[in-house]
Number of protein chains: 2
Amino acid sequence: MKTLRIQISLVAILACVLAFIVTGALAADPLPAWNDGKTKQSIVAFVEKVTQPGSPGFVPPAERIAVFDNDGTLWAEQPMYVQALFVFDRIKALAPQHPEWPTQEPFASVLKGDVKAALAGGEKALLEMVMATHAGTTTEEFEQIVKDWLATARHPVTKQPYTEMVYQPMLELLTYLRANGFKTYIVSGGGIEFMRPWAEQVYGIPPEQVIGSSIKTRFELRDGKPVLVRLSEINFIDDKAGKPVGIQQHIGRRPIAAFGNSDGDLQMLQWTTAGSGARFALLIHHTDAAREWAYDRSSSIGKLDLALDAAHAAGWTVVDIKNDWKTIYPD
Amino acid sequence: MKTLRIQISLVAILACVLAFIVTGALAADPLPAWNDGKTKQSIVAFVEKVTQPGSPGFVPPAERIAVFDNDGTLWAEQPMYVQALFVFDRIKALAPQHPEWPTQEPFASVLKGDVKAALAGGEKALLEMVMATHAGTTTEEFEQIVKDWLATARHPVTKQPYTEMVYQPMLELLTYLRANGFKTYIVSGGGIEFMRPWAEQVYGIPPEQVIGSSIKTRFELRDGKPVLVRLSEINFIDDKAGKPVGIQQHIGRRPIAAFGNSDGDLQMLQWTTAGSGARFALLIHHTDAAREWAYDRSSSIGKLDLALDAAHAAGWTVVDIKNDWKTIYPD
């Protein structure tokens with residue numbers, strides 16, 4: 001009898017310890033950089049709904065796919081897309097090998113530091129600059145170029161490394177979703193091979209969960225060694241109506257949650273929310289000129305116009321950075 | 001004292017149970033359908049080398065990527081690729097909607113049951129038949145068509161469902177690799193959307209880990225409902241030199257193990273084994289005319305010629321089905 005009683009006491013103590021741990025876990029706020037309010041509530045309510053076994057909204061872990069735009073959703077995109085700044089820096093770095101560039105647009109303007117003039121040539125000029133800086137290397141060489149550039153490049157306004165201009169509330173959201181069995185993907189208009197070299201370290205998103213725009217590559221044996229050579233030919237543009245196409249191509253099933261910040265994300269949010277069962281769509285509205293940037297309907301970068309109307313009409317969650325985010329960047 | 005002794009006894013019993021479970025797990029053969037011998041040994045030795053913490057060949061779980069061809073590697077491909085038989089059946093099913101087909105090649109020959117004549121038109125005829133049967137639907141409609149077909153279609157020789165003509169030794173190998181922290185992918189010349197509807201159930205490989213050939217798709221709003229429409233235009237051919245390209249596009253890192261059975265897999269095996277650290281490449285040689293099919297250098301389906309020479313030269317593992325596989329199909 002005495003033994004039994006001691007054993008029961010032991011079980012009771014263990015139960016108490018367990019209860020303490022569980023309560024502690026429940027009490028800890030998984031999203032401390034988000035102010036309390038209906039935005040944060042909508043996120044937590046969705047996650048609880050799809051993860052509660054037996055609930056009508058329950059989604060099996062394998063189908064918990066969440067897709068995130070990158071520029072303006074996970075990291076800053078002002079005053080210019082980071083990849084565009086990479087292009088300009090690469091043109092300067094490659095100039096010694098291109099004696100023709102100082103007299104050839106759009107390269108001449110970039111070398112003179114006049115980005116506006118360089119971009120005046122429109123899509124054709126942009127494509128020329130992208131190909132001159134993104135093609136011609138092997139995939140491994142390009143990965144190293146991106147890593148080397150990110151290690152030293154600094155944001156023109158904040159003078160911070162770009163990989164530190166990621167949004168702390170979104171880092172928490174990625175972690176929170178993964179802790180709840182979600183598989184998190186990037187679905188960006190940016191270059192897939194521009195994001196992969198650092199997405200795992202910065203966002204915890206492995207290369208196989210990065211979807212983006214791409215140029216074609218060709219398999220070659222160079223002195224018997226296999227390489228993939230990057231070609232001057234567009235393979236896929238992962239923007240606007242391209243985003244659902246890229247999602248189907250890479251993932252092969254419809255996400256249940258999508259996060260974006262611009263009209264480029266509209267079709268991704270439409271595609272995600274049109275599936276059956278519980279769905280979640282969120283748009284980040286950049287409203288904080290003091291701590292970040294404020295821009296929307298008339299911005300040339302990250303224009304948010306049609307998608308904002310669609311969000312209001314459909315009842316999607318809209319983040320008001322100024323009011324919803326306690327902090328912007330990691331400490 | 002008595003209580004303490006009882007508790008110690010309890011701990012001892014628990015330790016024994018645990019030891020028993022662990023020993024049992026170690027003793028259980030993870031590859032029972034493989035005969036003992038150097039082929040099986042080479043697989044186990046590789047897995048042990050890359051999973052042993054502290055060993056010079058150790059590979060972190062995130063980098064344990066294994067890629068598998070499908071036709072002839074995971075399931076039977078004789079007397080004809082399963083997807084080709086799907087094409088012929090679909091032509092028959094769609095004939096009522098195409099009054100022109102009975103007098104139009106290659107469709108006329110298919111409807112007469114003369115597959116050889118239908119294929120006499122070469123690549124152009126094949127492409128015409130693929131587009132007539134794979135395009136024009138939404139992605140969701142196509143998925144349902146594939147599922148419905150597989151539920152009733154039977155292999156022309158064995159009269160078995162195709163999803164039961166998968167190789168038991170390879171199913172065990174997939175499970176064994178996943179139990180050791182590997183992420184298993186299909187990298188097939190077959191259609192990506194032809195494989196995804198059943199690969200998870202049959203192989204335990206989710207849609208996002210299936211890579212294959214594809215046609216283009218277009219995002220559309222139909223009565224306000226977003227759909228992806230399958231178009232009559234090739235997007236990507238995931239065969240031969242296309243396989244490393246498809247791997248880079250989808251996975252973004254080099255696999256450490258690759259499994260194939262034909263010349264279509266040669267570049268995938270070259271690409272995989274050219275990486276640094278421990279690497280594994282395996283070719284299945286179909287040598288068993290009694291239990292399956294015997295074919296290699298002169299076969300029009302699953303031709304194994306250059307890749308077999310490369311395997312011998314490089315010391316890759318070559319499976320001799322007749323001698324290495326105890327059973328072919330699941331019971």
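Structure: above.
This write-up is about the structure you can find in this document. Residue positions within a chain follow its written sequence, with the count starting from 1. Chains and ligands are labelled sequentially in the order written, the chains with letters from A and the ligands with numbers from 1. For this predicted model, a pLDDT threshold of at least 70 governs which residues receive local features, and a threshold of 80 or more governs which side-chain atom pairs are given and counted, while totals over whole chains, interfaces and linings are taken from all residues. To obtain the side-chain values, all non-hydrogen atoms of the structure were included, while hydrogens and water were left out.

**What about the overall build of chain A?**
Then comes step 1: Secondary structure elements follow DSSP: runs of H or I of four or more residues count as helices, runs of E of two or more count as strands, with numbering from the N terminus. A tally of helices and strands in chain A yields 13 helices and eight strands.
Then comes step 2: Principal axes of the C-alpha set define a box for chain A whose edges measure 95 × 55 × 40 Å.
Then comes step 3: For chain A, the proportion of its 331 residues judged to be buried stands at 53%.
Then comes step 4: Look at the contacts in chain A between residues 6 or more apart in sequence, and 64% of them connect residues 24 or more apart.
Then comes step 5: Residues counted as positive are Lys and Arg, residues counted as negative are Asp and Glu, and His and the chain ends are not counted. Taken as the charge location is NZ of Lys, CZ of Arg, CG of Asp or CD of Glu. Distance between charge centres in chain A, computed from 32 positive and 37 negative side chains, equals 5 Å. Each residue is placed in one exposure class: buried if its accessible area under a 1.4 Å probe, protein chains only, is under 20% of its type's maximum, exposed if it is over 50%, and partly exposed if it falls in between. Note on contacts: a residue pair qualifies if any of its non-hydrogen atoms lie within 4.5 Å across the two residues.

**Let's talk about the interface of chain A and chain B**
Then comes step 1: Every contact between the two is made by 41 residues of chain A and, on the other side, 41 residues of chain B.
Then comes step 2: The term buried area means the drop in 1.4 Å probe accessible area that two parts suffer when joined, counted for both and summed. Buried surface at the junction of chain A and chain B, both sides included, amounts to about 3,300 Å², of which 51% is carbon and sulfur.
Then comes step 3: Summed over the three residues of chain A that lose the most area to chain B, namely Glu208, Phe219 and Gln249 of chain A, the buried surface amounts to 19% of that side.
Then comes step 4: Think of a salt bridge as a Lys or Arg side-chain nitrogen and an Asp or Glu carboxyl oxygen that are within 4 Å of each other. At the boundary of chain A and chain B, one finds eight salt bridges.
Then comes step 5: Lys183 of chain B serves as the salt-bridge partner of Glu208 of chain A, at 2.9 Å between the closest nitrogen and oxygen.
Then comes step 6: Whenever two N or O atoms come within 3.5 Å, that pair is a polar contact, provided that in protein one can donate a hydrogen and the other can accept it, and provided that, for residues adjacent in sequence, both atoms are side-chain atoms. Remark: the boundary between chain A and chain B carries 20 residue pairs in polar contact (both at pLDDT 80 or more).
Then comes step 7: Looking at the side of chain A that touches chain B, the elements that each hand over two or more residues are α1 (2-27), α7 (139-152), β2 (183-191), α9 (192-203), β3 (210-222), β4 (225-236), α10 (242-250) and α11 (266-273) of chain A.
Then comes step 8: Taken together, the residues of the side of chain A that touches chain B break down into 19 nonpolar, 13 polar and nine charged. Each residue gets one label: Ala, Val, Leu, Ile, Met, Phe, Trp, Tyr, Cys and Pro are nonpolar, Asp, Glu, Lys and Arg are charged, and the others, such as Gly, are polar.

**Here's the deal with the side chain of Asp265 of chain B**
Residue and element names in this part refer to chain B.
Then comes step 1: You can see Asp265 is positioned in the loop between β5 (257-260) and α11 (266-273).
Then comes step 2: According to the relative accessible area criterion, Asp265 is buried, its value standing at 1%.
Then comes step 3: Apart from the residues lying within four places of it in its own chain, the contact partners of Asp265 are Asp69, Thr73, Lys243 and Gly260.

**Describing a nonpolar patch on the surface**
Residue and element names in this part refer to chain A.
Then comes step 1: What makes a patch is a set of residues exposed beyond 30% relative accessible area and free of salt bridges, joined within 9 Å when like-charged and within 5 Å when nonpolar (Val, Leu, Ile, Met, Phe, Trp, Tyr). Accessible surface area values rest on a Shrake-Rupley calculation with a 1.4 Å probe, where residue burial reflects the displayed protein chains alone. A grouping of Leu127, Ile234 and Ile237 is seen on the molecular surface, where their side chains present a nonpolar patch of about 240 Å² in accessible area.
Then comes step 2: You can see Leu127 is positioned in helix α6 (residues 122-134).
Then comes step 3: Note on Leu127: relative accessible area 40%, which makes it partly exposed.

**With respect to the side chain of Glu77 of chain A**
All names here are of chain A.
Then comes step 1: Positionally, Glu77 belongs in the loop between β1 (65-68) and α3 (82-94).
Then comes step 2: Among buried charged residues, Glu77 stands out as having no salt bridge; its nearest opposite-charge side chain is Lys243, 9.0 Å away.
Then comes step 3: Setting aside its immediate chain neighbours within four residues, Glu77 contacts Asp71, Gly72, Tyr167, Asn261, Tyr295, Ile301 and Gly302.

**Side note on the pattern of salt bridges**
Then comes step 1: Within this structure, the stated rule accounts for 34 salt bridges over all chains.
Then comes step 2: Here Lys40 of chain B ties to Asp29 of chain B by a salt bridge, and the two come within 2.6 Å at their closest N and O atoms. Residue Lys40 of chain B is found in helix α2 (residues 38-51), and its partner Asp29 of chain B is found in the loop between α1 (2-27) and α2; the two are separated by 11 residues along the sequence.
Then comes step 3: Members of the salt-bridge network, linked through shared partners, are Lys183 and Arg253 of chain A together with Glu200 and Glu208 of chain B.

**Examining the relation of the copies chain A and chain B**
Then comes step 1: Take chain A, turn it by 180 degrees, move it 0.0 Å along the axis, and it overlays chain B with an RMSD of 0.0 Å. The symmetry that links the two subunits is that of a two-fold axis. Taking C-alpha positions as the reference, the residue of chain A nearest the rotation axis is His250 of chain A, at 3.1 Å.
Then comes step 2: Interface overlap between copies is the fraction of interface residues in one copy that are interface residues in the other; for chain A against chain B it reaches 100%, indicating a shared surface. Only residues with pLDDT of at least 70 in both copies contribute their C-alpha atoms to the least-squares superposition of the copies.

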